[in-house]
Amino acid sequence: MKDRRTHLDKLNTLLFGKDLRITKGEPFHKVYPFDFSSYYPEEEYIHSQELPTENVYDIRDFGADVTAPNNADAIQNAIDAAAETGGTVLVSGGDYVTTTVFLQSGVTLFIERGSALSSNKTGEGYNHLGVLHADACTDITLTGGGKVKGNGEYFGRKPLWDANQTEHPAVIDVIQMRRDARAQIRFAHENKYGGPVYFKDCRNIRAHNFIIENAAHWSFRLDNCDGVEIKDFIINNNRHTANADGFDISGTSHIRIDHCFVSTADDGICIKNAIWLGSKGEMHDITVRNCEVISCANAFKIGTETTYDIRDVLVEDCSFMMTDIYPGTVSGIAVESADGSKVTNVTARNIRMDRVTCPVFIRLCNRNRAAEVNAESANAVEFGKKREKASSAAKDTFDMKGAVSDIVIENITATNAEIPIILAGFRQRGVTKRVENVTLKNIEMSYAPYKEVYDKRAFIPEYSNVYPESWRFRNLPAYGIWARHVKGLKLLDFTCPPPRSTWKDPIITQDVI
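Residues numbered from 1 in each chain as written. Predicted model: local features only at pLDDT ≥ 70, side-chain atom pairs only at ≥ 80, totals over all residues. Heavy atoms only, no water.

Draft legend 1. How the structure looks around the overall build of the protein chain. Across its full length, the protein chain carries 4 helices and 32 strands. A compact globule built from 513 residues should have a C-alpha radius of gyration of about 24 Å, and the protein chain, at 23 Å, falls within 12% of that. Counting only C-alpha atoms and orienting by the principal axes, one finds that the protein chain spans roughly 70 × 45 × 45 Å. Here the protein chain holds 513 residues, and 60% of them are scored as buried. Put simply, of all contacts in the protein chain between residues at least 6 apart along the chain, 81% involve residues at least 24 apart. With 60 positive and 68 negative side-chain charges, the protein chain shows a separation of 9 Å between the mean positions of the two kinds. (Helix = DSSP H or I, 4+ residues; strand = E, 2+ residues; numbered from the N terminus. Rg over C-alpha atoms; globule rule 2.2 N^0.38 Å. Buried < 20%, exposed > 50% of the residue type's maximum accessible area, 1.4 Å probe, protein only. Contact = heavy atoms within 4.5 Å. Lys, Arg positive; Asp, Glu negative; His and termini not counted. Charge placed at Lys NZ, Arg CZ, Asp CG, Glu CD.)

Draft legend 2. Up close: the environment of Asn366. Along the chain, Asn366 falls in the loop between β24 (356–364) and β25 (403–417). Separated by 167 residues in sequence, Asn366 and Phe199 place their C-alpha atoms 29 Å apart. Asn366 has contacts with Ala338, Phe398, Asp399, Met400, Phe426, Gln428, Arg429, Ser464 and Asn465, leaving out every residue within four places of it along the chain. Side-chain polar atoms of Asn366 contact the backbone nitrogen of Met400, separated by 3.0 Å. (Polar contact = N/O pair within 3.5 Å; in protein donor to acceptor, adjacent residues only side chain to side chain.)

Draft legend 3. Local environment of the packing of aromatic side chains. On inspection of all chains with the given rule, the structure shows 17 aromatic pairs. Taking the centre distance of 4.8 Å and the plane angle of 75 degrees together, the rings of Phe155 and Tyr193 count as edge-to-face. Of this pair, Phe155 sits in the loop between β9 (147–149) and β10 (171–172) while Tyr193 sits in the loop between α4 (174–182) and β11 (197–200), and the two are 38 residues apart along the sequence. Across the pair, exposure class does not vary: Phe155 and Tyr193 are buried alike. Each ring, one from Tyr308 and one from Phe398, has its centre 5.6 Å from the other, and the planes form 85 degrees; the classification is edge-to-face. Placement of Tyr308 in the loop between β20 (298–306) and β21 (310–321) and of Phe398 in the loop between β24 and β25 is noted, with a sequence separation of 90 residues between them. Here the aromatic cluster, defined as three or more aromatic residues joined through ring pairs, consists of Phe199, Phe210, Phe220, Phe233 and Phe247. Over the ring of Tyr454 we find Arg4, and its NZ or CZ is 4.1 Å from the ring centre. The ring of Tyr32 has Arg186 lying over it, and the distance from NZ or CZ to the ring centre is 5.3 Å. (Phe/Tyr/Trp six-rings, centres within 6.5 Å; stacked < 30°, edge-to-face > 60°. Lys NZ or Arg CZ within 6 Å of the ring centre and 35° of its normal.)

Draft legend 4. Geometry of unusual backbone geometry. Following Gly303, the chain continues into Thr304 via a peptide bond in cis, with omega recorded as 10 degrees. Mapped onto the fold, Thr304 is located in strand β20. Of note, the amide linkage connecting Tyr326 to Pro327 takes the cis form, showing an omega dihedral of 0 degrees. If you trace the backbone, Pro327 turns up in the loop between β21 and β22 (329–337). The backbone of Arg355 sits at a positive phi, close to 60 degrees, despite the residue not being glycine.

Draft legend 5. How the structure looks around the pattern of salt bridges. Scanning the model with the defined rule gives 32 salt bridges in all. In this structure, Asp95 and Lys149 form a salt bridge, with 2.6 Å as the shortest nitrogen-oxygen distance. Here Lys149 lies in strand β9 and Asp95 lies in strand β3 (residues 95–98), a separation of 54 residues in the sequence. Exposure remark for Asp95: the relative accessible area of 31% places this residue in the partly exposed category. With a closest N to O distance of 3.3 Å, Arg239 and Asp324 form a salt bridge. Of this pair, Arg239 sits in the loop between β14 (226–236) and β15 (247–250) while Asp324 sits in the loop between β21 and β22, and the two are 85 residues apart along the sequence. Overall, the relative accessible area of 23% leaves Asp324 in the partly exposed class. Among the charged side chains, a salt-bridge network with shared partners connects Asp245, Asp248, Lys272, Glu305 and Arg369. (Salt bridge = Lys/Arg side-chain N within 4 Å of Asp/Glu carboxyl O.)

Draft legend 6. Here's a closer look at α4. Of all the 9 residues making up α4, 7 are buried; the element is thus mostly covered by neighbouring parts of the structure. Residues of α4 that are buried: Val174, Ile175, Met177, Arg178, Asp180, Ala181 and Arg182. Of the residues flanking the start of α4, the one acting as N-cap is Asp173, its side-chain oxygen 3.1 Å from the backbone nitrogen of Ile175.

Draft legend 7. Inspection of the pairing of β20 at higher detail. With respect to burial, β20 is a largely interior element, 9 of its 9 residues being buried. One ladder, built from 4 bridges, connects strand β17 (residues 269–273) with β20; its direction is parallel. Within β20, the residue paired with Asn273 across the bridge is Thr306. Across 4 bridges, the pairing between β20 and β22 is parallel. Residue pairing across strands places Asn298 opposite Ser331, the latter belonging to β22. (Pairing = 2+ DSSP bridges.)

Draft legend 8. Representation of the pairing of β21 within the structure. Burial of β21 is extensive: 9 of the 12 residues sit out of reach of the surface. Where strand β18 (residues 283–289) and β21 come together, 6 bridges link them in parallel fashion. Directly across from Arg289, in β21, lies its bridge partner Glu316. Looking at chain direction, strand β19 (residues 292–295) and β21 are connected through 3 bridges and run parallel.

Draft legend 9. Structural detail: helix α3 (residues 72–85). Between its first and last C-alpha atoms α3 spans 21 Å; for 14 residues at 1.5 Å apiece the expected length is 20 Å, and the two agree. The set of residues buried in α3 consists of Ala72, Ala74, Ile75, Gln76, Ala78, Ile79 and Ala82. Backbone geometry just after α3 places Gly86 at a positive phi near 65 degrees. (Expected span 1.5 Å × (residues − 1).)

Draft legend 10. Broad picture of the environment of Gly145. Among the structural elements, Gly145 can be located in the loop between β8 (138–143) and β9. Look at Gly145 and you get buried, because its relative accessible area is 2%. Taking the C-alpha atoms as reference points, Gly145 and Ser48, separated by 97 residues in sequence, lie 6.0 Å from one another. If we skip the residues at most four places from it in the chain, Gly145 touches Ile46, His47, Gln49, Ile111, Glu112, Arg113, Asn209 and Ile211.

Draft legend 11. Broad picture of the nonpolar core. Counting residues in hydrophobic clusters, the biggest one holds 98 residues, and the most contacted among them are Phe199, Phe220 and Phe320. Those residues in contact with Phe199 that sit more than four places away from it in its chain are Leu103, Ala134, Ile140, Leu142, Ile205, Phe220, Arg221, Leu222, Asp223 and Cys225. Core analysis: the next-biggest nonpolar cluster, separate from the first, contains 20 residues, Cys358, Ile419, Ala424 and Ile460 among them. (Core = buried A, V, L, I, M, F, W, Y, C linked by side-chain atoms within 4.5 Å.)

Put into structure tokens, the structure is as follows:
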């Protein structure tokens, strides 16, 4: 790899630097070495539980059979019977193929360790509701130590490359890094069915001692729920299945995620609040603690789909990392408002990161996606469909309404980073909107021991109306912190020894007041 980007290189990037997206080809079933992380600490999170003995509804008593091509009817009948008494549905004795089943209020789903509910491999029979779906239910529990299997490799196309990249290049170039990452993605085939678990408009959800494995799409989705506790939980996905997020939390308040392991292709723990996702208003009171996250995108993220407000978020005592493959995690902590949301009172503390390219990414921009998509069109491309013109709100409903303020990031140790901490507001249509009141305290950051490409740029575009991502800013002229359009930045006890490159400055600020 070249250690200097020429004017011709920059022109080629400007004119032809489009995102790679593979849209043709049949499902690609082969699993490459290192698609799944070799670090997988199941014994630290999952334990064997005694089988329940009272008020139990064994799916085998309703006709379920490990040899059957679809056990949905038998499982559904067991769930419906259990709902009459507030009972427990037992899955034991192996893997049971199923299409979507609908959980009911008051039901406990107990999947014994070593057993599973498994998606079929055709994608037929789901209507994008996933394997387990609950709508307007209360008091549901998932437990037992067993799995829901998504069979993710049956719903994506062959990646551009024939093997995963495991070696770091000799020169760090963010532009090439992003291309390398996308060359390994299994983009969606039109048979993609949805994800393993989807709760909508539910209250009092408990999930503990449970595993989601190999999701095809969002692994554990929560839309407009209230009162959720997730603990001792594993999400272990193919790290190159497109849109295989870990936890997706939209419009949901009063949620605790504690002692979970997530290894996945897309965002590990992601908070969204968008009108096209069905969100109805502010979400608040969200705590994530004591989790390990391996993500090829963002380990913890607020955004990108953000129209309604998000506040009172705490992330603490976590480890964010990448194992085995290159590139590393895109960002460790990403706090974004792109579509009109006011994101306030967010604290992240006591976080260890390794091979996270951008440790902290705080971004305010104005994509205003609500004027361009509705519920049907927003995910059309990801499910193999053509995106039609649509909107979920009038153009001015959320336009220029976003804010990011009162953010505290403290006690962070980040090793093998590759780009600086980024804080960026935006200037659009002659108006400047700033990220406000950010405290960065006690942060130790060190770089991967590789040379950085020499890529001095005349200016850094605003990127105000496009998808926000730390890699979007490409090769920046700072190695510690790069900040633009920020008001009220406090920097306390920040250390970052210079990387091998010498042409970059440790901290660059532009329009920081």
